[in-house]
Amino acid sequence: MTTPAETTSAAESGAPTSAVEQRLAELGLTLPEVAAPVAAYVPAIVSGNYVYTSGQLPFINGKLEATGKVSLGELGASDEPTVDPEDAKRYAAVCAINALAAVKSVIGDLDRITRIVKVVGFVASEPTFTGQPGVINGASELLGQVLGDAGKHARSAVGVSVLPLDSPVEVELIAEFS
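Just so you know, these numbers come straight off a predicted model, no measurement behind them.

What counts and how
Residues numbered from 1 in each chain as written. Predicted model: local features only at pLDDT ≥ 70, side-chain atom pairs only at ≥ 80, totals over all residues. Heavy atoms only, no water. Pairing = 2+ DSSP bridges. Helix = DSSP H or I, 4+ residues; strand = E, 2+ residues; numbered from the N terminus. Axes fitted to C-alpha atoms, helices over the stretch in contact; angles between N-to-C directions. pLDDT = per-residue confidence, 0-100. Contact = heavy atoms within 4.5 Å. Buried < 20%, exposed > 50% of the residue type's maximum accessible area, 1.4 Å probe, protein only. Expected span 1.5 Å × (residues − 1). Polar contact = N/O pair within 3.5 Å; in protein donor to acceptor, adjacent residues only side chain to side chain. Core = buried A, V, L, I, M, F, W, Y, C linked by side-chain atoms within 4.5 Å. Salt bridge = Lys/Arg side-chain N within 4 Å of Asp/Glu carboxyl O.

### What to know about the sheet that holds strand β9 (residues 169–177)
Reading across the sheet, the 5 strands line up as β1-β2-β9-β7-β8 and stay open at both edges, with mixed pairing between neighbours. Edge positions in the open sheet fall to β1 (44–47) and β8 (154–160), since each of these has one partner strand only. In this sheet, adjacent strand axes meet at a mean angle of 15° when their direction is disregarded. Pairing analysis gives 7 bridges linking strand β7 (residues 113–124) to β8, with the strands arranged parallel.

Following this line, the structure appears as structure tokens:
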């Protein structure tokens, strides 16, 4: 599996431009280019002092590393690809990094973030899988590591039957900024 550390930076040869990006770099991570929308929407929009991101998929270097439903592998009868919950958790962290890139695209500097207000995570799940909160912890933990107290947020973790492009996970967020 490719890790978030292997994503490409928007400023490939430059040093991190903000304290938030510096913390990402200390974790071995860089902000990727903002993923191109796969339908009729924009990656992020500003309303007042808030940025609302569209749902971010776990694109790494422009592609999904895995597709399918998150499962503990107990069903055994499915012909569809499945994704291990720990891998899905790592993909949720990738989604969070992609969401931060979308936020930066509309406010210019991630140091302007004063709080992540809300995270909504969707997990494409086998019918018996109930570990969606653990999967979305990947996004929540990453935001806490990168933003400290400003990364603490309200959250929903929702199991769904399918996500766009058969992605195993999707994350959107609301960030307050100054």
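### A short note on the confidence of the model for the protein chain
Here the protein chain averages 90 in pLDDT, while 88% of its residues score no lower than 70. Note that residues 1–13 has pLDDT below 50 and, in this model, 29 contacts with residues that lie over four places away or in other chains.

### A short note on the pairing of strand β2 (residues 50–53)
The side-chain alternation of β2 yields one buried face, formed by Val51 and Thr53, and one unburied face, formed by Tyr50 and Tyr52. Taking the residues between adjacent antiparallel strands as the criterion, β1 and β2 are bridged by 2 residues, where Gly48 takes a positive phi near 60°. The sheet contact formed by β2 and β9 spans 3 bridges and is antiparallel. Along β9, the bridge assignment pairs Tyr50 with Glu176.

### Overview of the side chain of Thr53
Take Thr53: it is sitting in strand β2. With a relative accessible area of 7%, Thr53 lands in the buried category.

### Regarding helix α2 (residues 85–107)
Taking 1.5 Å of rise per residue, the 23 residues of α2 would be expected to cover 33 Å, and the 33 Å separating its terminal C-alpha atoms lies within 8% of that figure. Of the residues that open α2, the one with a side-chain oxygen 2.9 Å from the backbone nitrogen of Glu86 is Asp84. Downstream of α2 by a residue or two, Gly108 has a phi angle that is positive, lying close to 85°.

### Thoughts on the nonpolar core
By size, the foremost hydrophobic cluster in this structure holds 41 residues, and its most contacted members are Leu100, Leu147 and Val169. Of all the secondary structure elements, the ones that give two or more residues to this core are α1 (19–26), α2, β7, α3 (132–147) and β9. With 13 residues, the top contributor of residues to this core is α2. If near-sequence neighbours (up to four positions away) are discounted, Leu100 is found in contact with Leu31, Leu110, Ile113, Leu142, Leu143, Val146 and Leu147.

### Side note on the pattern of salt bridges
For the coordinates displayed, the defined rule picks out 5 salt bridges. Among the ionic pairs, Arg90 bridges to Asp87, the shortest N-O distance being 2.1 Å. Of the two residues, Arg90 and Asp87 both sit in helix α2, 3 residues apart, roughly one turn of that helix. The class for Arg90 is partly exposed, based on a relative accessible area of 36%.

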